[in-house]
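Below, each chain spelled out in residue letters.
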Amino acid sequence: MLRNSSDDAAATPPIKGIIGTGQAMQQVYAITRQVAASNASVLLTGETGTGKEVIARAIHELSPRGSGPFVRVNCGALSESLLESELFGHVRGSFTGAVANRAGRFEAAHTGTIFLDEINSTSPQLQVKLLRVLQEREFERVGDTETIRVDTRVIAASNRELLDEVACERFREDLYYRLNVVPVYLPPLRARREDIPQLVSHFLEIYNEENDRFVTHIHKDALEALVKYHWPGNVRELQNVIERCVVLATGDEIDLALLPPTIRGETVGPAVPGRGGDLDSLARELVEQGMTTAAEDDANLFERVVSRVERELISQMLAACGGVQLKAAARLGINRNTLRKKLTEHGLEDGE
Ligand SMILES: Nc1ncnc2c1ncn2[C@@H]1O[C@H](COP(=O)(O)OP(=O)(O)O)[C@@H](O)[C@H]1O
Ligand SMILES: [Mg+2]
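None of the values given here were measured: they were computed from a predicted structure. (Residues numbered from 1 in each chain as written. Chains lettered and ligands numbered in written order. Predicted model: local features only at pLDDT ≥ 70, side-chain atom pairs only at ≥ 80, totals over all residues. Heavy atoms only, no water.)

## Examining the pattern of salt bridges
Step number 1: In the structure shown here, the tally under the stated rule is 20 salt bridges.
Step number 2: One salt bridge in this structure joins glutamate 138 and arginine 149, with 2.8 Å as the shortest N-O distance. Of this pair, glutamate 138 sits in strand 6 (residues 138-140) while arginine 149 sits in strand 7 (residues 147-149), placing them 11 residues apart in sequence.
Step number 3: Where aspartate 164 meets lysine 341, a salt bridge forms, and the shortest distance between an N and an O atom there is 3.6 Å. Here the residue aspartate 164 occupies a position in helix 7 (residues 162-167), and lysine 341 occupies one in helix 16 (residues 336-345), the gap between them amounting to 177 residues.
Step number 4: Classification of aspartate 164 as partly exposed rests on a relative accessible area of 36%.
Step number 5: According to the relative accessible area criterion, lysine 341 is partly exposed, its value standing at 48%.
Step number 6: Each of the salt bridges in this network shares a partner with another, and the network as a whole consists of Glu53, Arg57, Arg72 and Asp117. (Salt bridge = Lys/Arg side-chain N within 4 Å of Asp/Glu carboxyl O. Helix = DSSP H or I, 4+ residues; strand = E, 2+ residues; numbered from the N terminus. Buried < 20%, exposed > 50% of the residue type's maximum accessible area, 1.4 Å probe, protein only.)

## A look at the packing of aromatic side chains
Step number 1: Taken as a whole and judged by the stated rule, the model has 6 aromatic pairs.
Step number 2: Considering the side-chain rings of tyrosine 229 and tryptophan 231, the 4.5 Å spacing of their centres and the 85° angle between planes classify their relative orientation as edge-to-face. You'll find tyrosine 229 and tryptophan 231 in the same group, each marked buried.
Step number 3: These aromatic residues form a ring-pair network of at least three members: Phe88, Phe106 and Phe139. (Phe/Tyr/Trp six-rings, centres within 6.5 Å; stacked < 30°, edge-to-face > 60°.)

## A short note on the site of ligand 1
Step number 1: Taken together, the neighbourhood of ligand 1 is formed by 18 residues, with Ile19, Gly49, Lys52, Arg236 and Gln239 sitting nearest.
Step number 2: Backbone polar atom of glycine 51 to an oxygen atom of ligand 1: 3.1 Å apart, as the coordinates give it.
Step number 3: The separation between an oxygen atom of ligand 1 and a polar side-chain atom of lysine 52 is 2.8 Å.
Step number 4: For ligand 1, the protein covers 86% of the area, taking 560 Å² as the surface of the free molecule.
Step number 5: Residue classes in the shell around ligand 1 are distributed as 7 nonpolar, 7 polar and 4 charged.
Step number 6: When residues of the shell around ligand 1 are sorted by domain, at least three fall in each of domain 1 (6-187) and domain 2 (189-266). (Near = heavy atom within 4 Å. Polar contact = N/O pair within 3.5 Å; in protein donor to acceptor, adjacent residues only side chain to side chain. Areas by Shrake-Rupley, 256 points an atom, 1.4 Å probe, with all protein chains shown as cover. Nonpolar A, V, L, I, M, F, W, Y, C, P; charged D, E, K, R; others polar. Domains from an automatic or database assignment.)

## Thoughts on the packing of helix 14 (residues 301-320) against helix 15 (residues 325-332)
Step number 1: Two elements in contact, helix 14 and helix 15, have axes whose closest approach is 9 Å; the angle formed by their N-to-C orientations is 125°. Between helix 14 and helix 15, the angle is such that the two are oblique. Here helix 14 runs over helix 15; the crossing is right-handed. Together, Leu313, Ile314, Met317, Leu318 and Ala320 of helix 14 and Gln325, Ala328, Arg331 and Leu332 of helix 15 make up the contact between the two elements.
Step number 2: A breakdown of the residues in the contact of helix 14 with helix 15 according to their chemical character gives 7 nonpolar, 1 polar and 1 charged. (Axes fitted to C-alpha atoms, helices over the stretch in contact; angles between N-to-C directions. Parallel < 35°, antiparallel > 145°, perpendicular 65-115°, else oblique. Left-handed = near helix turned anticlockwise from the far one by under 90°. Contact = heavy atoms within 4.5 Å.)

## Here's the deal with the nonpolar core
Step number 1: By size, the foremost hydrophobic cluster in this structure holds 28 residues, and its most contacted members are Leu87, Phe106, Leu116 and Ile119.
Step number 2: Secondary structure elements with two or more residues in this core: strand 2 (70-74), helix 4 (80-88), strand 5 (113-117), helix 6 (124-136), strand 8 (153-158), helix 7 and helix 8 (173-179).
Step number 3: Ranked by the residues each element gives to this core, the list is headed by helix 6, at 5 residues.
Step number 4: Leu226, Ile242, Cys245 and Leu258 belong to the second largest nonpolar core, which has 24 residues in total. (Core = buried A, V, L, I, M, F, W, Y, C linked by side-chain atoms within 4.5 Å.)

## Points about the confidence of the model for the chain
Step number 1: For the chain, the average pLDDT comes to 88, and 90% of its residues sit at 70 or higher.
Step number 2: The element-level mean pLDDT for the chain is lowest in helix 1 (residues 6-11), coming to 48, with strand 5 highest at 98.
Step number 3: The low-confidence segment residues 1-10 (pLDDT under 50) makes 16 contacts with residues lying over four places distant or belonging to another chain.
Step number 4: Long-range and interchain partners of residues 266-277, a stretch whose pLDDT sits below 50, account for 18 contacts in this model, where long-range means more than four residues apart. (pLDDT = per-residue confidence, 0-100.)

## Overview of a negative patch on the surface
Step number 1: Negative charge collects at one region of the surface, where Glu205, Glu209, Glu210 and Asp212 lie side by side.
Step number 2: Residue placement: aspartate 212 occurs in the loop between helix 9 (196-211) and strand 10 (217-218).
Step number 3: Assessed through its relative accessible area of 64%, aspartate 212 is described here as exposed. (Patch = residues over 30% accessible without salt bridge, like charges linked within 9 Å, V, L, I, M, F, W, Y side chains within 5 Å. Lys, Arg positive; Asp, Glu negative; His and termini not counted. Charge placed at Lys NZ, Arg CZ, Asp CG, Glu CD.)

So this is what it looks like as structure tokens:
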């Protein structure tokens, strides 16, 4: 792993348009600049909304290929056969609906960068084809025999721990190592809360401008709640919340009352008070909140809401078990290590 010492990292200037000057992001900037200069494949990992796409674009723009195309393909959004033809192109008649020859995204990214988002969703067959492109820089369009060579840099992203996928044999080990030449990990927002105030200002500026508003102040209680919240949807969720606040504010200030109840009412530590463990109604409430605060096209609604419910269940069970993890894990019917991992993920470990 390319890791800068903290001294070097502190000297790394931030990257245009990317907000956050805390230690965690300094490290990300340092690695971003280092890998930009090379042609190495990069694997970006981190929860949804942590900025993987932002960093992928930065790597491209700072690289010698910066004036070439940047092509993003969301591997999780297309069926296996559509994805194959999207990536590699096809020739007329190779399948129903293939009415003409069509170039794929690898060809479109020639001299530039292809960003394979949600790479963990690719099928084993497609992984074989991707491995070949990474190794040989060549492939054929679907239904064709002619070999095409491209000069394309590959950046991939996964919102799952790819090594776990390898262990479960859902992801090819050889492809993993090909992609993972340089790993870049984007920490969740709750692990870099020091960046939250800056991000809030940044999004306020953007959404004021966009909506022709002047919501320039934030009450200190509101800011405190934003800093404390655990942000399962990370920067994207924060962005949505600020947009909503700017639109709904009646004056020039965001106060506590304007924040969604989940964020406003978040207590540090276990359990929303007074619910007596009625998980059905709690779940219903959390789902409703999640849906009202989500933007129309929020691609992460499912993950966000489920993560919220998961956190609440775990924190309530832990409280009910007097903080004894072994007991809570048993009552939840999950492995103790799984519980530990989830406690860390949700920022529920001791001291938080
Ligand atoms: N450090 C950052 N500074 C400014 N905006 C950010 C930052 N990180 C993420 N964002 C914004 O948050 C949203 C989600 O980021 P994205 O890169 O799409 O996350 P991911 O690909 O990890 O899901 C985008 O709108 C992006 O512009
Ligand atoms: Mg993304």
